[in-house]
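# Summary of structural features
Each chain, letter by letter, is given below.
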Amino acid sequence: MTNNSHPPRLIDQNRILYADLLRVVAILGVVLIHCTGELTLSQGKIPYDHWWVGNVVYSSFKWSVPLFVILSGMLILHDTKNLSPWQFLKKRFSKIVPPFIFWMIVYIIYNYRYNFSSFSNLTLKNPFFWIWDNIYRFFELPWRENIFPTIITGDVYYHLWFIPMILGVYLLTPFFKVYLKSATQEDLNYFLLIWFLNGSIYTYCEQFFIVEHMSWMSYGGFFFFGYYIRKYTIPKERWLMWIGFICFISTPFIVAYRCYLKGSYDDRAYVYLSPNIILGSFALVVWLIRFDWSRYVAKFPKFFNLMTKLSTMSFAVYFIHALLIDLLKNGYLWGFYIYNNRLGPPDCAACAIHPIFGAPIFFTVVALLSFLSVYLLRKLPKSAWYIG
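This report concerns the structure included in the present document.

Definitions and cut-offs
Residues numbered from 1 in each chain as written. Predicted model: local features only at pLDDT ≥ 70, side-chain atom pairs only at ≥ 80, totals over all residues. Heavy atoms only, no water. Salt bridge = Lys/Arg side-chain N within 4 Å of Asp/Glu carboxyl O. Helix = DSSP H or I, 4+ residues; strand = E, 2+ residues; numbered from the N terminus. Buried < 20%, exposed > 50% of the residue type's maximum accessible area, 1.4 Å probe, protein only. Core = buried A, V, L, I, M, F, W, Y, C linked by side-chain atoms within 4.5 Å. Contact = heavy atoms within 4.5 Å. Disulfide = S-S within 2.5 Å.

### A short note on the pattern of salt bridges
Here the structure, examined in full by the defined rule, presents 5 salt bridges. Residues R137 and D133 are paired through a salt bridge, measuring 2.9 Å at the closest nitrogen-oxygen approach. Of this pair, R137 and D133 both sit in helix α5 (residues 127-139), separated by 4 residues, roughly a single helical turn. Overall, the relative accessible area of 31% leaves R137 in the partly exposed class. Among the ionic pairs, R290 bridges to E237, the shortest N-O distance being 2.8 Å. Taken as a pair, R290 in helix α11 (residues 275-290) and E237 in helix α10 (residues 237-262) lie far apart in primary sequence, 53 residues in all. By the burial criterion, R290 is buried, and E237 matches it.

Right, here's the structure in full:
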């Protein structure tokens with residue numbers, strides 16, 4: 001890595017647009033991997049060609065979550081506002097914690113939906129009784145036995161792990177900023193190298209020597225890389241992009257080979273801190289920020305205006321899309337069933353469809369409904385505070 005600064009395009013003049021593009025790309029990637037994730041988990045239980053569709057798609061878009069963390073590092077670690085640690089944490093936590101609590105409650109209710117009185121029992125004669133009955137049922141849920149332990153030691157719903165992770169990164173950010181004030185590029189090279197080696201080894205050998213005691217680094221490397229790539233250039237960046245491309249191409253084959261060796265499902269190569277995902281994510285970010293988007297802004301102003309609007313919804317879309325996936329899968333939206341391998345109820349043989357066609361349809365419907373739902377929910381008073 002060289003010692004010269006090279007601010008990427010669209011940072012200084014069009015930073016908001018630059019961030020908007022990354023956010024929209026990242027959230028669409030997240031929606032897609034969650035739409036196809038169950039195909040990969042069904043290895044050995046579904047036709048092999050169906051599993052390969054999920055494997056290829058899932059592998060190709062695993063950069064989406066790292067992209068969110070890298071973007072945060074780009075913006076937050078370069079923020080020149082002189083905030084105290086408590087001011088910084090108050091600012092960040094006030095934007096994240098209220099929506100997180102709101103959506104945790106939503107998913108708790110959804111997980112225990114059979115404990116509540118259904119909408120079929122709601123009539124014009126007894127709306128208040130129905131409401132109070134469900135409020136009572138809410139407080140009668142197994143909070144102490146199941147729900148609170150899940151909140152503290154697990155995840156209420158599978159995608160909500162991201163929020164405690166990013167909050168943990170934010171807790172360390174004041175220390176990161178102190179370090180970066182005096183850190184040279186060589187210092188950052190060292191940190192990123194140690195982090196890369198730590199994550200790569202930990203993915204395949206958790207108990208290896210000192211690696212098992214360095215889990216605090218976790219996603220911090222993605223955060224640091226966001227700062228790094230905005231300030232510095234990497235020599236032979238084209239080589240990095242090719243290596244990253246090869247990593248993504250090879251990932252589905254690595255997963256298939258490890259599943260074959262193990263005789264069952266093995267997802268190590270999917271892990272965000274695996275070397276192939278790290279290098280692939282880095283390569284994609286380098287390409288995105290070095291590409292000269294400015295020449296397209298004048299040609300397609302409506303498209304980029306749309307990206308700006310969609311980016312403001314990305315946080316809320318992250319929260320709601322998993323709910324919509326399950327609602328569509330189970331036909332809870334007015335009896336409308338759709339999934340990545342069928343366009344109808346599970347018992348309808350004629351509704352089966354190959355995932356190579358079904359997955360794009362399912363993803364498109366979930367993405368559109370997610371943005372539409374957020375757009376409508378934003379009409380509620382003070383919704384940005386609790387919706388996201």
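Now that the structure is up, let's keep going.
### Thoughts on the nonpolar core
The biggest cluster of nonpolar side chains holds 112 residues, and the ones touching the most others in it are M74, F162, F222 and F225. At 12 residues, helix α1 (residues 15-41) tops the list of elements feeding residues into this core. Ignoring sequence-local partners within four residues, the contact set of F222 consists of P66, V69, I70, W195, Y272, L273, I278, S281 and F282.

### Looking at the state of the cysteines
Here the structure, examined in full by the defined rule, presents 1 disulfide. Between the sulfur atoms of C348 and its disulfide mate C351 the distance is 2.3 Å. One quick way to see it: the torsion about the S-S bond of C348 and C351 is about 70 degrees, and its sign makes the bridge right-handed. Residue C205 stays outside any disulfide, its sulfur separated by 19 Å from that of C259, the closest cysteine. You can see C247 has no disulfide; the closest cysteine sulfur is in C259, sitting 18 Å from it.

Such coordinate-based values are descriptive only and should not be taken to indicate function.
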